[in-house]
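# Coordinate analysis (summary)
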There are 2 protein chains.
Amino acid sequence: MSKGITSRSEDYSQWYNDLIIKGGLADYSAVRGCMVIKPYGFALWEHMRDQLDLMFKETGHQNAYFPLFVPKSLFEAEEKNAEGFAKECAVVTHYRLKSDPENKGKLIVDPEAKLEEELVVRPTSEAIIWNTYKDWIQSYRDLPILVNQWANVVRWEMRTRLFLRTAEFLWQEGHTAHATEAEAIAEARLMLDVYATFVEEYMAVPVLKGVKSENERFAGAEDTYCIEALMQDGKALQAGTSHFLGQNFARAFDVKFLTKENVQEYVWATSWGVSTRLIGALVMAHSDDEGLILPPRIAPMQVVIVPIYKGDEQKKQLSEKAAAIMQEFKNRGIRAKYDDNDNNRPGWKFAEYELKGVPVRITLGARDLQNGVVEIARRDTKEKESVSIDSVVDHVENLLVSIQQNMFNKAKAFREEYTTKVDTWDDFQKVLDEKTGFILAHWDGTGETEEKIKDLTKATIRCIPYNNEPEEGKCILTGNPSRQRVVFARAY
Amino acid sequence: MSKGITSRSEDYSQWYNDLIIKGGLADYSAVRGCMVIKPYGFALWEHMRDQLDLMFKETGHQNAYFPLFVPKSLFEAEEKNAEGFAKECAVVTHYRLKSDPENKGKLIVDPEAKLEEELVVRPTSEAIIWNTYKDWIQSYRDLPILVNQWANVVRWEMRTRLFLRTAEFLWQEGHTAHATEAEAIAEARLMLDVYATFVEEYMAVPVLKGVKSENERFAGAEDTYCIEALMQDGKALQAGTSHFLGQNFARAFDVKFLTKENVQEYVWATSWGVSTRLIGALVMAHSDDEGLILPPRIAPMQVVIVPIYKGDEQKKQLSEKAAAIMQEFKNRGIRAKYDDNDNNRPGWKFAEYELKGVPVRITLGARDLQNGVVEIARRDTKEKESVSIDSVVDHVENLLVSIQQNMFNKAKAFREEYTTKVDTWDDFQKVLDEKTGFILAHWDGTGETEEKIKDLTKATIRCIPYNNEPEEGKCILTGNPSRQRVVFARAY
């Protein structure tokens with residue numbers, strides 16, 4: 001089967017799109033900038049979501065649900081936040097359609113059903129949620145509030161890409177309220193740790209943890225913590241952010257609480273989110289020219305068994321053997337599929353499951369069965385081996401662990417190879433253009449310099465890493481003194 | 001603690017609102033007609049959703065996600081469906097806000113960012129999904145498509161009520177595509193059975209299964225199957241619907257497939273949905289004047305342990321004992337909470353958990369502990385008993401099963417009591433006004449009569465029950481011949 005996938009070296013961007021579409025993860029839709037998440041892609045998201053949800057609950061959070069719409073007057077209350085998102089807001093202005101008197105069977109917006117106040121489709125929910133928290137919080141006894149929401153949000157993007165940047169996307173947004181600044185900062189950092197753990201241990205993608213420069217902060221935040229991943233084309237991708245919001249939203253929505261000392265104070269806030277964008281990171285970090293490579297812990301299908309037979313008698317024999325193996329996989333919580341669909345030949349199936357990134361493929365041949373062996377192929381390294389049929393389940397169980405670890409190690413080695421210390425402006429430009437990847441360089445700490453570097457090279461400061469080693473140096477652009485290196489890259 | 005809950009006899013509607021709000025399930029929001037689902041209410045929804053999701057997957061369905069927005073031209077393609085929903089559509093007309101030049105810090109809709117084609121916020125997703133299925137379906141090999149979506153939808157309602165009728169609500173909508181009419185009908189009926197099983201076995205609410213009259217059909221459907229539940233005030237509530245859509249959407253979106261016989265045919269469709277409205281049904285079917293009564297299988301908290309002690313030494317002793325019991329609950333998958341919060345007195349906690357409908361309360365007293373017993377109170381019957389502390393977990397495990405069964409039996413007995421056969425128009429009106437409940441009456445089968453009865457009495461035909469016994473009779477309104485009784489009621 002010719003998969004028709006563009007190679008990475010030929011056109012990385014087209015390769016990415018081919019994988020998403022031909023791998024069955026998502027597709028374009030009739031709505032500008034919005035995608036359809038197909039069953040295979042959604043199953044992947046479900047595994048990611050369920051694991052994150054578990055980790056949120058283990059850290060004391062509960063889910064809730066707030067309205068999709070934000071009245072304009074609430075939306076504009078926190079000015080920086082409003083300014084940051086105003087340019088990408090979908091706005092509901094009417095609440096009814098009616099028959100078009102001039103065009104039978106067609107509908108028009110009913111001009112008499114104009115809303116008194118326009119409704120913004122949430123691009124993020126701080127405003128509507130803090131307006132609600134005002135009613136929930138009276139005293140220190142009501143704090144902390146540790147709430148998360150799984151929801152769809154809309155940000156009208158001019159240039160969209162499947163999963164990476166779509167007008168509507170799915171995400172979770174945590175919104176917490178605290179009595180003290182220290183507690184809010186600890187919460188924001190805790191959730192960044194949760195994200196890092198998830199992305200590294202489940203998605204097998206290594207991340208840098210750090211804090212954003214002022215220019216790159218979330219609109220309305222005092223500090224934005226982030227995890228940054230490196231894609232195979234040497235570009236960075238922000239995989240998750242957690243914001244310490246100070247008292248900005250409490251002030252905007254007048255949310256105060258009575259302290260133990262009987263004083264009225266503004267409440268401290270955080271928010272944090274990851275989205276379906278993570279699927280884009282997953283695809284770009286691991287996959288190859290043959291298709292997706294999914295890490296076992298979140299792969300919708302961890303194992304596929306493809307039988308090879310001639311005639312019904314052989315098929316029956318293989319099916320019986322496969323049923324026993326499938327049952328044992330199920331008992332151990334391994335997600336396996338037995339594909340005996342006669343519409344497709346084995347070779348077609350091999351290519352299809354390779355494209356879909358299934359971590360382990362078992363080929364069950366009639367002749368092999370007589371010899372008591374099966375062939376096992378792993379997707380990440382493409383290695384094949386012959387394994388005794390009696391030990392196949394044990395073998396696969398261990399192999400899934402190895403694949404998960406190998407994928408992480410490989411991605412981490414790649415990141416290390418593509419992380420470069422640079423001390424001159426010439427080298428900076430050269431590494432950016434030729435080698436790509438993360439660049440550790442000195443920066444004078446000003447927004448102006450950061451902006452100038454971005455204008456000149458399209459590189460941005462991805463983060464100031466946690467536990468950064470102090471190091472005296474000179475800013476690569478201005479030569480002004482600097483006390484630490486920061487991480488630059490071109491980014492998605 | 002005075003809960004401030006209006007009694008059912010005083011004002012049923014206010015009682016319902018009091019329970020929803022004071023029980024911590026949901027609250028009004030700043031957006032007209034939209035609610036905030038609070039953590040306790042959302043946890044309840046999660047248990048319902050997860051169980052339904054499991055049942056959908058067990059019947060071969062997969063989840064996917066389609067855009068929130070439907071371009072107007074797609075929305076109007078299936079005319080009956082469009083006509084049915086046009087009057088309640090929220091419409092996005094612009095994609096940007098900008099600073100108000102006349103009002104610093106305020107935003108206005110940017111008139112230059114007007115969409116060429118308006119976007120309808122989905123009131124239901126047949127249009128956008130069938131427009132997508134057109135790309136997914138070429139031949140019989142692509143069928144059936146068994147897809148479900150968990151999503152938010154918006155229907156602009158003039159009169160809203162928490163959970164029962166809100167402008168935005170959460171639901172699932174299954175959308176399936178089939179090669180034959182028979183298969184599609186079987187699917188629609190299968191999913192109605194799934195709904196009935198869920199509502200009866202998990203929510204402990206008995207339902208009538210049946211088919212809607214033509215007047216009450218979903219806009220765009222050939223047949224609508226439904227489950228109907230009876231609330232404590234004698235009004236009916238439609239708890240779920242499943243639609244056989246014929247080839248209507250396939251025709252509207254030109255979705256054809258190549259049959260095995262090499263002929264192009266239109267695809268057959270179903271859709272089916274239940275929503276957060278089910279929570280309204282749950283509350284109104286079971287609760288009492290003291291608060292919510294939640295069935296154990298979906299209660300967020302199945303058991304609460306309230307310690308009674310004086311001083312730290314007693315508290316420590318009780319905590320140790322409670323920890324052992326809590327661990328055993330956890331091992332058995334029983335959701336329990338130990339509430340040793342010193343901010344509230346035991347009496348306050350008793351009232352609070354009663355209000356929240358926690359099925360079982362265990363009172364762990366210092367003196368009881370010495371005697372080796374605890375007090376167990378069940379929420380449904382309010383019975384209390386003293387139980388040996390060594391057998392408390394076994395006891396509670398059995399008790400949860402009994403409570404689930406008792407709640408269903410009680411609701412079923414109520415429905416039987418409030419189901420009345422009526423043969424004259426006078427009796428019909430009298431039963432409707434005085435006794436209320438389901439009324440089994442003869443109807444001449446015409447939409448005109450149905451409409452007239454509705455105008456005169458506000459009663460509607462809830463369904464024509466499955467396996468209805470044929471019975472010759474005369475229509476209660478017109479006296480025209482009828483071959484079966486149908487189910488009338490006033491409804492939510």
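Residues numbered from 1 in each chain as written. Chains lettered and ligands numbered in written order. Predicted model: local features only at pLDDT ≥ 70, side-chain atom pairs only at ≥ 80, totals over all residues.

## Regarding the overall build of chain A
- A count of helical and extended segments in chain A gives 14 helices and 27 strands.
- Since a compact globule built from 492 residues should have a radius of gyration of about 23 Å, the 26 Å found for chain A is in line with a globular shape.
- Each principal axis of the C-alpha distribution contributes one length, and for chain A these read about 80 × 70 × 55 Å.
- By sequence separation, contacts in chain A at least 24 residues apart represent 68% of the contacts at least 6 residues apart. (Helix = DSSP H or I, 4+ residues; strand = E, 2+ residues; numbered from the N terminus. Rg over C-alpha atoms; globule rule 2.2 N^0.38 Å. Contact = placed C-beta atoms within 7 Å.)

## Details of helix α9 (residues 311-331) of chain B
All names here are of chain B.
- The terminal C-alpha atoms of α9, which comprises 21 residues, lie 30 Å apart, in line with the 30 Å expected from a rise of 1.5 Å per residue.
- Taken residue by residue, α9 has L318, A322, I325 and F329 as its buried positions. Here the buried residues of α9 occupy an arc of 60° about the axis, which is enough to place them on one side. Set apart from the buried face of α9 by more than 90 degrees, the exposed residues are D312, E313, K316, E320, A323, A324, Q327, K330 and N331.
- The inward-facing, buried residues of α9 contact β17 (303-308), β18 (336-338), β19 (360-365), α11 (366-371) and α12 (392-417).
- Just downstream of α9 lies G333, where phi reads positive at about 75°. (Expected span 1.5 Å × (residues − 1). Buried ≥ 20, exposed ≤ 12 C-beta atoms within 10 Å, placed from the backbone. Arc of directions from axis to C-beta.)

## Focus: the interface of chain A and chain B
- Contacts between chain A and chain B engage 55 residues on the former and 55 residues on the latter.
- Across 3 bridges, the pairing between strand β5 (residues 91-94) of chain A and strand β5 (residues 91-94) of chain B is antiparallel. Note that in β5(B) the partner of A:H94 across the bridge is B:V91. (Pairing = 2+ DSSP bridges.)

## Section: the sheet that holds β5(B)
- Read across the sheet, 6 strands follow the order β4(A)-β8(A)-β5(A)-β5(B)-β8(B)-β4(B) without closing on themselves; strand pairing throughout is antiparallel. Both outer strands of the open sheet, β4 (69-71) of chain A together with β4 (69-71) of chain B, are each paired with one neighbouring strand and no more. Strand-to-strand twist in this sheet, taken as the mean axis angle between neighbours without regard to direction, amounts to 45°.
- Bridging between β4(A) and strand β8 (residues 114-121) of chain A involves 3 bridges; their strand directions are antiparallel. What sits directly across from A:F69, in β8(A), is A:V121. (Axes fitted to C-alpha atoms, helices over the stretch in contact; angles between N-to-C directions.)

## A short note on the sheet that holds strand β24 (residues 460-465) of chain A
All names here are of chain A.
- If you trace the 11 strands from one edge of the open sheet to the other, you get β3-β9-β10-β16-β13-β12-β11-β24-β27-β23-β22, paired in mixed fashion. Edge positions in the sheet fall to β3 (62-63) and β22 (419-421), since each of these pairs with one other strand and no more.
- Packing of helix α13 (residues 425-435) onto the sheet brings it into contact with β22 and β23 (438-442), and relative to β23 it is tilted by some 175°.

## Here we look at the pairing of strand β10 (residues 168-178) of chain A
All names here are of chain A.
- Most of β10 is tucked away: 8 of the 11 residues are buried.
- Taken together, the 10 bridges between strand β9 (residues 145-154) and β10 define a ladder with antiparallel strand orientation. Bridge pairing in β10 links A151 to W171.
- Bridge count for β10 against strand β16 (residues 268-275) is 8 bridges, and the pairing is antiparallel. When the bridges of β16 are listed, E173 appears paired with G273.

## Some remarks on unusual backbone geometry
Residues and elements named next belong to chain A.
- Each neighbour pair has its own omega, and for L143 with P144 the value is -5°, a cis peptide bond.
- Relative to the assigned elements, P144 resides in the loop between α5 (126-136) and β9.
- Located in the positive-phi region is F163, a residue other than glycine, with phi close to 65°.
- Tracing the sequence through the fold places F163 in the loop between β9 and β10.
- Phi is positive for N467, which is not a glycine, with a value near 50°.
- Examined against the element boundaries, N467 turns out to sit in the loop between β24 and β25 (473-474).
- Using a count of 6 C-beta atoms within 10 Å as the deciding quantity, one classes N467 as exposed.

## Points about the relation of the copies chain A and chain B
- With an RMSD of 0.0 Å, the fit of chain A onto chain B corresponds to turning through 180° and sliding 0.0 Å along the axis. With respect to symmetry, the two chain copies, as superposed, fit the operation of a two-fold axis. Minimal C-alpha distance to the rotation axis in chain A is attained by A:V92, lying at 2.1 Å.
- Of all interface residues in chain A, 100% are interface residues in chain B too; the two copies therefore contact each other through one and the same surface. (Least-squares fit on C-alpha atoms with pLDDT ≥ 70 in both.)

## Re the pairing of strand β11 (residues 208-211) of chain A
Residues and elements named next belong to chain A.
- Relative to strand β12 (residues 223-230), β11 runs antiparallel, the two being bridged by 4 bridges. Within the sheet, the bridge partner assigned to V211 lies in β12 and is Y225.
- Bridge analysis of β11 against β24 gives 2 bridges, and the strand direction is antiparallel. In the strand pairing of β24, G210 is matched with P465.

## Details of the domain arrangement of chain A
Residue and element names in this part refer to chain A.
- Split by domain assignment, chain A resolves into domain 1 (12-69 + 126-286), domain 2 (303-414) and domain 3 (419-489).
- Each of domain 1 and domain 2 has a C-alpha centre, and the two are 36 Å apart.
- Contacts between the two partners involve 10 residues from domain 1 and, on the opposite side, 8 residues from domain 2.
- Class assignment for the residues of the side of domain 1 that touches domain 2 results in 5 nonpolar, 3 polar and 2 charged. (Domains from an automatic or database assignment. Nonpolar A, V, L, I, M, F, W, Y, C, P; charged D, E, K, R; others polar.)

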